[in-house]
Number of protein chains: 2
Amino acid sequence: MSKRRISIQDIARRAGVSHSTVSRALRDNSVISPKVREEIKQLAREMNYVPNAIAQSLLSSRTNTIGVVVTSIADPFFAEVVEGIEQVARSAGLSVVLSASHRDVEEEIAAINNFNRRRVDGILVADSRTGKQHMKQLAQIAMPTVLINSQSKEQSQMFHSVEIDDRLGGKLAVEHLVSLGHKRIGYLGVGDHSKSNQQRLEGYRMALSEANLSPMSVVVAISDEDNIRASDVATGQQMLPKLVTAGVTGIFCYNDMVAVGALLACQELGISVPQDLSLVGFDGIALSGYVTPPLTTICQPMLEIGCSAMQMLLDLLQEKTVENRVLSPFLVQRGSSAALLPKVPKQYLI
Amino acid sequence: MSKRRISIQDIARRAGVSHSTVSRALRDNSVISPKVREEIKQLAREMNYVPNAIAQSLLSSRTNTIGVVVTSIADPFFAEVVEGIEQVARSAGLSVVLSASHRDVEEEIAAINNFNRRRVDGILVADSRTGKQHMKQLAQIAMPTVLINSQSKEQSQMFHSVEIDDRLGGKLAVEHLVSLGHKRIGYLGVGDHSKSNQQRLEGYRMALSEANLSPMSVVVAISDEDNIRASDVATGQQMLPKLVTAGVTGIFCYNDMVAVGALLACQELGISVPQDLSLVGFDGIALSGYVTPPLTTICQPMLEIGCSAMQMLLDLLQEKTVENRVLSPFLVQRGSSAALLPKVPKQYLI
DNA sequence: CTGAAAGCGCTAACAC
DNA sequence: GTGTTAGCGCTTTCAG
């Protein structure tokens with residue numbers, strides 16, 4: 001393992017020319033005669049020369065690198081988003097530095113500061129939790145930044161962003177249940193103060209009032225800390241009974257994992273889905289199609305969210321003007337929701 | 001957006017000292033008087049100075065960056081592995097550059113070459129498909145490299161690696177089915193020539209012969225190309241009927257996604273799992289616990305694989321001697337496998 | 001204790 | 001066409 005890598009100088013010495021000639025030859029500068037150009041390239045190949053991107057970056061002040069912060073890499077939702085990001089980044093010749101924040105504001109900021117030190121060309125932050133106090137700090141970094149599904153209201157105005165229309169999603173979910181004849185519809189949410197949770201809840205309320213239905217019991221899991229959220233599956237599992245006791249026939253769940261938890265609870269309690277209870281999830285992660293029954297859910301175009309955010313960043317890097325995007329989720333109807341059966345009094349049942 | 005960032009020079013000018021004094025002060029060099037040290041640090045803070053990691057890297061020839069190649073970021077297995085990698089990398093002060101190869105050797109090599117140009121301190125490659133021809137090319141890069149679940153036999157000797165014992169896994173799966181009384185056991189594999197597929201198959205054969213059972217029809221899904229593998233779920237779905245026709249009562253599936261496909265096929269065909277047929281998966285991804293019935297599966301310690309590989313790379317960077325690791329998978333018994341019921345002739349059934 | 005100077009590997013004016 | 005030189009931002013001898 002030779003520590004000292006071979007440089008443009010080494011090639012120059014061997015070729016009996018100056019290092020700048022080598023540089024020019026390697027970059028196909030037309031001012032060098034085609035003949036020596038080829039010779040030098042050949043020599044470089046023989047010597048296993050690999051250009052030093054660090055040195056190039058120092059000079060050009062472009063690292064061809066972007067930083068990405070997500071809450072968790074193992075989360076299927078963000079994994080898919082990052083997949084999209086990486087695809088368009090790579091096809092544009094950019095590499096992706098990935099960091100996980102685990103929903104912790106401090107970690108999120110640390111990651112961004114790290115990106116700043118590394119002089120990445122741009123930053124993508126998913127599910128940002130950063131509040132007002134740190135916003136200015138970030139804003140003054142003045143590095144092209146695109147937020148994905150930002151979780152704090154003020155940010156969307158200060159930064160570029162691509163977001164999903166959570167309110168529309170909530171509305172679609174509930175409208176679907178209403179169209180199936182459900183009248184007693186609950187919401188099973190999570191306990192943090194994230195914007196997405198609040199807006200999905202708002203959509204729920206809107207759809208109900210438009211259907212002239214009064215909101216049923218809204219159950220929101222309460223976690224100890226604002227930032228520390230218990231496993232979504234556990235939340236769904238624990239909270240389902242409350243809604244059932246309240247007599248709902250349909251439930252809109254904050255996301256697919258919560259819905260899966262609810263589904264598990266139903267299996268345990270002998271409640272059959274969708275006969276006794278209709279369930280609607282959110283996100284459209286792969287898992288949602290594989291549980292029994294497969295989940296009716298509000299899909300986010302996860303790959304598109306990633307691609308779109310990365311494309312926006314690319315435009316920003318080329319000094320183009322960009323407009324924030326709000327993508328629309330859509331309903332995918334599967335087995336976990338069904339028409340409300342007319343209540344048959346028990347004595348008529350076998 | 002000021003293009004020119006503030007540098008150590010700018011601080012020096014304002015402080016009326018030389019840039020080297022500033023550098024020393026910032027790095028807590030004891031040779032600088034504590035007083036001016038503080039003053040300079042304060043000034044740096046006021047001026048929003050952020051050290052340029054690129055310049056530092058050029059000098060130190062360390063980038064504090066490692067490169068990671070996986071087949072797909074969205075694959076739940078690798079997502080979990082990367083989560084582990086990122087955790088220990090970050091706690092060691094290293095950043096992670098992530099690249100997806102999509103099981104394509106060319107892309108894998110391109111990613112590694114890119115890492116080489118960027119002068120990352122080390123490389124982690126998961127599920128490597130690189131064959132002999134390119135191995136030397138990679139070997140001469142002479143960059144600390146750790147392979148994770150390498151898919152080509154020769155590699156394990158030339159490079160450092162952490163791997164799962166696939167043969168043991170296959171053996172455990174089949175032994176489990178045997179212990180439940182199954183005698184007609186099939187294998188549902190995938191069509192590529194990956195080492196993992198072959199070794200799980202080997203484990204299957206070993207367990208059968210140790211139990212004095214003759215290998216039942218071994219069905220391996222065939223995909224068009226060696227490298228292009230159809231969706232694992234689809235493979236499971238399509239191949240299941242073949243095994244059923246062959247009269248098996250238990251099936252060991254290449255991985256959990258294949259098993260899910262098999263499960264879906266069973267639901268369609270009215271075969272109940274585990275009453276009519278026992279299913280065992282491999283990997284232990286989250287999904288496996290949420291389908292109905294939850295999958296009995298051979299778990300890989302995914303997080304540990306990632307952490308372990310990264311730790312090995314860390315050791316390599318400190319010139320420690322390291323030993324390759326082979327981790328053991330373990331059985332997690334859930335609802336998809338059950339004791340073989342004694343065959344009751346049809347005429348006695350209601 | 002502090003400054004001047006060299007150099008990490010590369011690109012791009014500017015000379016010849 | 002090709003070489004010389006400066007400089008990207010930083011760390012680190014080496015003098016003083």
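Residues numbered from 1 in each chain as written. Chains lettered and ligands numbered in written order. Predicted model: local features only at pLDDT ≥ 70, side-chain atom pairs only at ≥ 80, totals over all residues. Heavy atoms only, no water.

Engineer: Would you take a moment to explain the overall build of chain A for this structure?
Structural biologist: Of regular secondary structure, chain A possesses 13 helices and 12 strands. For 350 residues, the compact-globule formula gives about 20 Å, and the C-alpha radius of gyration of chain A, at 27 Å, lies well above that figure. Summarising its shape, the C-alpha atoms of chain A cover approximately 100 × 45 × 35 Å along the three principal directions. When burial is assessed residue by residue, chain A has 54% of its 350 residues classed as buried. For chain A, the share of sequence-separated contacts (at least 6 apart) that also reach a separation of at least 24 residues comes to 71%. For chain A, the exposed surface amounts to about 15900 Å²; the carbon and sulfur share of it is 52%. (Helix = DSSP H or I, 4+ residues; strand = E, 2+ residues; numbered from the N terminus. Rg over C-alpha atoms; globule rule 2.2 N^0.38 Å. Buried < 20%, exposed > 50% of the residue type's maximum accessible area, 1.4 Å probe, protein only. Contact = heavy atoms within 4.5 Å. Areas by Shrake-Rupley, 256 points an atom, 1.4 Å probe, with all protein chains shown as cover.)

Engineer: I would appreciate a short explanation of the side chain of A:Asn149 in the present structure.
Structural biologist: All names here are of chain A. Within the fold, Asn149 resides in the loop between strand S4 (145–148) and helix H8 (155–158). Here the side chain of Asn149 touches Ile164 through a polar contact of 3.0 Å, landing on its backbone nitrogen. Discounting chain neighbours no more than four positions away, the residues touching Asn149 are Phe77, Asp127, Ser128, Val162, Glu163, Ile164 and Gln300. (Polar contact = N/O pair within 3.5 Å; in protein donor to acceptor, adjacent residues only side chain to side chain.)

Engineer: In this structure, what is going on with the relation of the copies chain B and chain A? I would like to understand it.
Structural biologist: Copy one and copy two of the chain differ by a rotation about a common axis and a shift along it. Each copy of the sequence occupies a distinct position, and chain B is placed on chain A by a rotation of 180 degrees and an axial shift of 0.0 Å, giving an RMSD of 0.1 Å. Both chain copies can therefore be described as sitting about a two-fold axis. Take the interface residues of chain B: 100% of them recur as interface residues in chain A, which is what a same-surface contact looks like. (Least-squares fit on C-alpha atoms with pLDDT ≥ 70 in both.)

Engineer: Help me out: how do you make sense of the UniProt feature "domain: HTH lacI-type" (unreviewed entry) in chain A in this one?
Structural biologist: The feature "domain: HTH lacI-type" (unreviewed entry), as annotated in UniProt, sits at residues 6–60 of chain A in this numbering. Between the C-alpha atoms that bound residues 6–60 of chain A there is a distance of 21 Å. The span itself is 67% helix and 0% strand. (UniProt positions renumbered as here; feature names shortened; annotations may be inferred.)

Engineer: Sorry, what's going on with the protein's contact with DNA strand C here?
Structural biologist: Around DNA strand C lies a shell of 25 residues, among which A:Ile8, A:Tyr49, A:Leu59, B:Thr21 and B:Arg24 are the nearest. When atoms of DNA strand C within 4 Å of the protein are sorted by moiety, sugar and phosphate together comprise 60%. Within the side chain of A:Tyr49, one N or O atom sits 2.5 Å away from a phosphate oxygen of DNA strand C. For DNA strand C, a base nitrogen lies 3.5 Å from a polar atom in the side chain of B:Ser20. Going through the elements one at a time, helix H2 (19–26) and helix H4 (53–60) of chain A together with helix H2 (19–26) and helix H4 (53–60) of chain B are the ones with two or more residues in the surface near DNA strand C. (Near = heavy atom within 4 Å.)

Engineer: Please explain the domain arrangement of chain A as it appears in this structure.
Structural biologist: How big an interface is tends to be expressed through the accessible area that disappears when the partners come together. Here chain A is described as being made up of domain 1 (9–50), domain 2 (65–165 + 302–327) and domain 3 (166–300). Computed over C-alpha atoms only, the centres of domain 1 of chain A and domain 3 of chain A are separated by 64 Å. (Domains from an automatic or database assignment.)

Engineer: Would you explain the interface of chain B and chain A in this entry?
Structural biologist: At the interface, 50 residues of chain B touch 50 residues of chain A. Across the interface of chain B and chain A, roughly 4600 Å² is buried in total on both sides, 55% from carbon and sulfur atoms. A salt bridge links B:Glu107 to A:Arg90, with the nearest nitrogen and oxygen atoms 3.1 Å apart. On the surface where chain B and chain A come into contact, there are 36 residue pairs in polar contact (both at pLDDT 80 or more). (Buried area = accessible area lost by both parts, 1.4 Å probe. Salt bridge = Lys/Arg side-chain N within 4 Å of Asp/Glu carboxyl O.)

Engineer: Can you help me understand the packing of helix H6 (residues 105–117) of chain A against helix H7 (residues 132–141) of chain A in this one?
Structural biologist: Between two packed helices, the angle of one axis relative to the other and the distance separating the axes together describe the packing. Residues and elements named next belong to chain A. Where H6 contacts H7, the axes come no closer than 11 Å and their chain directions differ by 15 degrees. Accordingly, the angle class assigned to the pair H6 and H7 is roughly parallel. Here H6 runs over H7; the crossing is left-handed. Note on element contacts: H7 touches H6 through His134, Gln137, Leu138 and Ile141, opposite Val105, Glu106, Ile109, Ile112, Asn113 and Asn116. For the contact of H6 with H7, the residue count by class is five nonpolar, four polar and one charged. (Axes fitted to C-alpha atoms, helices over the stretch in contact; angles between N-to-C directions. Parallel < 35°, antiparallel > 145°, perpendicular 65-115°, else oblique. Left-handed = near helix turned anticlockwise from the far one by under 90°. Nonpolar A, V, L, I, M, F, W, Y, C, P; charged D, E, K, R; others polar.)

Engineer: Would you mind going over helix H3 (residues 34–46) of chain B with me for this structure?
Structural biologist: In an α-helix, one full turn covers 3.6 residues, which means residues spaced three or four apart are oriented alike. Residue and element names in this part refer to chain B. The end-to-end C-alpha distance of H3, which contains 13 residues, comes to 18 Å, matching closely the 18 Å that a straight helix rising 1.5 Å per residue would cover. Looking at H3, one finds that the buried residues are Arg37, Ile40, Lys41, Leu43 and Ala44. All buried residues of H3 project into a common sector of 160 degrees when viewed along the axis, lining one side. Exposed residues pointing more than 90 degrees away from the buried face of H3 are listed as Pro34, Lys35 and Glu46. Elements in contact with the buried residues of H3: helix H1 (8–15) and H2. Residue Asn48 follows H3 closely and has a positive phi angle near 55 degrees. (Expected span 1.5 Å × (residues − 1). Arc of directions from axis to C-beta.)

Engineer: So what exactly am I meant to see when it comes to unusual backbone geometry here?
Structural biologist: Backbone phi values are negative for most residues with the exception of glycine, while trans is the configuration of most peptide bonds. Cis geometry marks the peptide bond from A:Thr292 to A:Pro293; its omega dihedral reads -10 degrees. Assignment of secondary structure puts A:Pro293 in the loop between strand S9 (278–283) and strand S10 (296–299). At A:Asp28, a residue that is not glycine, the phi angle is positive and equals roughly 60 degrees. Inspection of the secondary structure assignment puts A:Asp28 in the loop between H2 and helix H3 (34–46). A positive phi angle is found at B:Arg119, which is not glycine, with a value near 60 degrees. Mapped onto the fold, B:Arg119 is located in the loop between helix H6 (105–117) and strand S3 (122–126). Classification of B:Arg119 as buried rests on a relative accessible area of 13%.

Engineer: How do you make sense of the protein's contact with DNA strand D when you look at a structure like this?
Structural biologist: Near DNA strand D, the surroundings consist of 26 residues, among which A:Ser20, A:Thr21, A:Arg24, B:Tyr49 and B:Leu59 are the closest. Counted by atom, the contact set of DNA strand D within 4 Å of the protein is 56% sugar and phosphate. Between DNA strand D and B:Ala55, the relevant distance is 3.4 Å, taken from a base nitrogen to a main-chain nitrogen or oxygen of the residue. Of all elements in the fold, only H2 and H4 of chain A together with H2 and H4 of chain B reach the threshold of two or more residues within the surface near DNA strand D. Considering only residue class, the surface near DNA strand D consists of 11 nonpolar, 12 polar and three charged.

Engineer: Would you mind showing me how to read the packing of aromatic side chains here?
Structural biologist: Each aromatic ring pair is summarised here by two numbers: the centre-to-centre distance and the angle between the ring planes. By the definition in use, this model includes eight aromatic pairs over all chains. With 5.2 Å between their ring centres and 85 degrees between their planes, A:Phe77 and A:Phe78 make a pair best called edge-to-face. One exposure class covers both A:Phe77 and A:Phe78, and it is buried. Judged by centre distance (6.2 Å) and plane angle (45 degrees), the ring pair of A:Phe252 and A:Phe282 falls under tilted. Within this pair, whereas A:Phe252 is found in strand S8 (residues 250–253), its partner A:Phe282 is found in strand S9, the two being separated by 30 residues in sequence. A:Phe282 matches A:Phe252 in its accessibility class, with the two residues each being buried. Site record: aromatic cluster; members linked through ring pairs are A:Tyr187, A:Tyr204, A:Phe252 and A:Phe282. The ring of B:Tyr254 has B:Arg200 lying over it, and the distance from NZ or CZ to the ring centre is 4.5 Å. (Phe/Tyr/Trp six-rings, centres within 6.5 Å; stacked < 30°, edge-to-face > 60°. Lys NZ or Arg CZ within 6 Å of the ring centre and 35° of its normal.)

Engineer: For this particular structure, what's the right way to read the nonpolar core?
Structural biologist: A:Leu124, A:Met310, B:Leu124 and B:Met310 are the most contacted members of the largest nonpolar core, which totals 148 residues. Once you skip the residues sitting within four places of it in the chain, B:Met310 turns out to touch B:Ile66, B:Ile85, B:Val88, B:Ala89, B:Leu94 and B:Leu124. (Core = buried A, V, L, I, M, F, W, Y, C linked by side-chain atoms within 4.5 Å.)

Engineer: What exactly am I supposed to notice about the pairing of S4(A) here?
Structural biologist: Side chains on a regular strand alternate between the two faces of the sheet. All names here are of chain A. Neither face of S4 is open: one carries Thr145 and Leu147, the other Val146 and Ile148, and all of them are buried. As defined by bridge partners, strand S3 (residues 122–126) adjoins S4 across four bridges and the pair is classed as parallel. Counted as the bridge partner of Ile123 is Thr145 from S4. (Pairing = 2+ DSSP bridges.)

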